[in-house]
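One letter stands for each residue in the lines below.
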Amino acid sequence: KKRIGILTGGGDCPGLNAVIRGVVTAAIIKYDWEVVGVEDGFDGLLNSEKCRQLSLEDVRGILPRGGTILGTTNRGNPFSYPVEKNGKIEYIDISESVIDRIKAMGIDALVVVGGDGSLKIAMELMSKGVPIVGVPKTIDNDLMETDVTFGYNTALETATDALDKLHSTAESHHRVMIMEVMGRYAGWIALESGIAGGADVILIPEIPFDIKKICHAIDERRKKGSRFSIIVAAEGAFPDGGKRVVKQNADSAHSIERLGGVGEYIAGELSGCLDMDVRVTVLGHLQRGGSPSTFDRCLGSRFGVKALELIAKNEFGRMVCLNGRSIKSVSIEKAVRKLKLVDPDGEMVKCAEELGIMLGR
Ligand code: F6P
C-alpha cells in the first residue's frame, strides 16, 4: 500500500480543505492508499506528533470550511531553518533530517499545496530525491502556468462585496473611499474586483500611479456631478518615480515582502489636493478567510484528484494546473520561474480604461 503525505504551506486560502478532501478521498476510495496529513507546513515534517493518518471521517464536512484543517505557517523552510544561537537567530540547512523523517514515516510521495515559496522548497526537496507533486495555492493569483489558483475567486467575491457596501456609504456622505486589497506584487485582485465593483480608480503595482492625475480625475468627476468616488488600491501599488512601502514579513522563511500602507498614503495626498472627505478601508485578511466559493471548492477538489493521478503515474516534479476548462499538469520549475503579473497593456487593463476607470496613469 502506498503512503502519501500532504501538507499545506504559506498563507492560508479558501479551498485548501477541498484539496485535502480530494486527495484523501481519491487515495482511499480509488487507489486504496493511505494518507498522512502533515500539520503546519514543512515545519510538521520535523515532528512526528504533527503527522497523522487521515481517514474519510477526518475530511467529512470540510468542503465549506475556510482555512486548512492541517494548519499552515510560513516558517519551517528546511533549507533555511531558523534556530536560536546565543540570543541570535541563525538559518541552517536541516533538509537531511526532514528527508530522514519522510523516509521513516514510510511516505512514498508528498503532495505540497502552496504558493511560489512552498513550491520552490518542494523543488529543492525533489532534487534531493523526495517524490513530490505540487498544487498551486494563492489568493493573489500570481502563479504562472495555471489560468487561476483556487482561493482567488473567493477573495474576489469578498473584495467585490466590500466595494458594493462602500458604494452606498460613499454616495450618502459624498466621500472618496479608498479600499486597499491584497495581492503582493500583483494587481489581479484590485483589477478584477475593481471592474466588478464599479470602481472609478484602480491602482496596481504593474502601473505606477501619478497622484496628481488621480486627483484631477476625481475632481473632474465631481465637477460633472459625481459627488463620490471609489478607489481600489492593490497593497503593492506605488507612485511613479517613488518607492513601494515594503515591510519584511518576520514570520516568513522565504522572505515574502509585505507591502502595506498605500491606502493611507493616497488618502493623505488626496486630502491635500481635494476638497472632499477621504476614508480608507484596508480589507486585509478578510480576503483570505471564510467559506470558499463554489468555483474554488470545485477547483480545489479537481486539483486534489489530479495530484493523485500524477502520483499513480509516477509523474513527480509536476504541478497540477487549470488550462482553459481542463485540469492538466506542468513542471513545478516552469511554474515558479517568475510571477504572473497583470499586463499593463493587456486586454483587462484596456477594458477597464474603456469602461472609464482610471488606472493611475
Ligand atoms: O500571498 C497571500 C497574501 O495574503 C498576500 O496577498 C499578502 O501580502 C500576504 O499574504 C500577507 O501575509 P501575512 O498573512 O503573513 O500577513
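What you are looking at is a predicted structure, and each value in this text was computed from that prediction instead of being measured.

**Observations concerning the sheet that holds strand β14 (residues 318-323)**
Reasoning step 1: Across the sheet, seven strands lie side by side as β3-β2-β1-β6-β7-β14-β15; this open sheet has mixed pairing. Lying at the two open borders of the sheet, with one neighbouring strand each, are β3 (51-54) and β15 (326-331). The average undirected angle you get between the axes of adjacent strands in this sheet is 30°.
Reasoning step 2: Set on the sheet, helix α1 (residues 16-31) makes contact with β1 (3-8), β2 (34-38), β3, β6 (109-114) and β7 (132-136); between it and β1 the angle comes to about 175°.

**Re the pairing of strand β10 (residues 229-234)**
One face of the sheet, then the other: side chains in a regular strand alternate in exactly this way.
Reasoning step 1: Across the six residues of β10, six count as buried, placing the element largely inside the fold.
Reasoning step 2: By the alternation rule, side chains of β10 split into Ser229, Ile231 and Ala233 and Ile230, Val232 and Ala234, which are all buried.
Reasoning step 3: With six bridges joining them, strand β8 (residues 175-181) and β10 adopt parallel strand pairing. Bridge pairing in β10 places Glu180 opposite Ala233.
Reasoning step 4: Two elements, strand β9 (residues 201-203) and β10, share three bridges in a ladder whose sense is parallel. Its bridge partner lying in β10, Ile202 is registered against Val232.
Reasoning step 5: As for the winding sense of the linkage, the β-α-β connection from β9 through helix α6 (residues 211-223) to β10 is right-handed.

**Side note on the packing of α1 against helix α8 (residues 294-312)**
Reasoning step 1: Viewed as axis vectors pointing N to C, α1 and α8 meet at an angle of 40°, and their least axial separation amounts to 7 Å. With respect to α8, the axis of α1 lies oblique. Of the two possible hands of crossing, α1 and α8 adopt the one that is right-handed. Facing Leu16, Ala18, Val19, Ile20, Arg21, Gly22, Val23, Ala26, Ala27 and Tyr31 of α1, the residues of α8 in contact are Asp296, Arg297, Gly300, Ser301, Phe303, Gly304, Val305, Ala307, Leu308 and Ala312.

**Examining unusual backbone geometry**
Among all residues save glycine, negative phi is the norm, and among peptide bonds the norm is trans.
Reasoning step 1: Notably, Asp32 is not glycine yet its phi reads approximately 60°, a positive angle.
Reasoning step 2: A positive phi is found at Glu145, a non-glycine position, where the angle reads about 70°.
Reasoning step 3: Among the secondary structure elements, Glu145 is positioned in the loop between β7 and α4 (152-173).

**Considering helix α2 (residues 95-104)**
Along an α-helix, residues three or four apart share an orientation, since each turn contains 3.6 residues.
Reasoning step 1: For α2, every residue scored as buried is listed here: Ser95, Val98 and Ile102. Within α2, the buried residues cover an arc of 60° as seen down the axis, which keeps them to one side. When the buried face of α2 is taken as reference, the exposed residues oriented beyond 90 degrees from it are Glu96, Asp100, Lys103 and Ala104.
Reasoning step 2: Contacts from the buried residues of α2 go to β1, β6 and α3 (116-127).
Reasoning step 3: Phi turns positive one or two residues past the end of α2, at Gly106, with a value near 70°.

**Quick word on the confidence of the model for the protein chain**
Reasoning step 1: Averaged over all residues, the pLDDT of the protein chain equals 93, while 95% of them reach at least 70.
Reasoning step 2: Here residues 247-259 is a poorly scored stretch, pLDDT under 50, and it has 30 contacts once near neighbours within four places are set aside; other chains count.
Reasoning step 3: With pTM at 0.94, the complex prediction returns an ipTM value of 0.98.

**Quick look at the UniProt feature "active site" (unreviewed entry) in the protein chain**
Reasoning step 1: Look at the UniProt record and you will see "active site" (unreviewed entry) annotated at Asp140.
Reasoning step 2: Classification of Asp140 by C-beta neighbours within 10 Å gives buried; the count is 28.

About the cut-offs
- Position numbers for residues count from 1 along each chain, tracking the sequence in the order it is written.
- Under the rules for a predicted model, residues below a pLDDT of 70 receive no local features and side-chain atom pairs below 80 are neither given nor counted, while totals for whole chains, interfaces and linings still include all residues.
- Think of it this way: DSSP has to see at least two bridges between two strands before they count as a pair.
- Secondary structure elements are defined from DSSP: runs of H or I of at least 4 residues count as helices, runs of E of at least 2 residues count as strands, and each element is numbered from the N terminus.
- Inter-axis angles, ranging from 0 to 180 degrees, are taken between N-to-C directions of lines fitted to C-alpha atoms, where helices are fitted over the stretch in contact.
- We call two residues in contact when their backbone-placed C-beta atoms lie within 7 Å.
- In this scheme the burial state of a residue depends on its C-beta neighbours within 10 Å: 20 or more other such atoms mean buried, 12 or fewer mean exposed, and anything in between means partly exposed; the C-beta positions come from the backbone.
- Assignment of crossover handedness uses the view with strands pointing away from the viewer, where a clockwise path from the first strand over the helix to the second indicates a right-handed crossover.
- In this scheme, roughly parallel covers angles under 35 degrees and roughly antiparallel covers those over 145, while 65 to 115 is roughly perpendicular and the rest are oblique.
- The crossing is said to be left-handed when, going from far helix to near helix, the turn is anticlockwise and less than a right angle, and right-handed when the turn is clockwise.
- The arc refers to the directions leading from the helix axis to the C-beta atoms.
- Residue-level confidence of the predictor is what pLDDT reports, using numbers from 0 through 100.
- UniProt positions are given in the numbering used here, feature names are shortened, and annotations may be inferred rather than shown by experiment.

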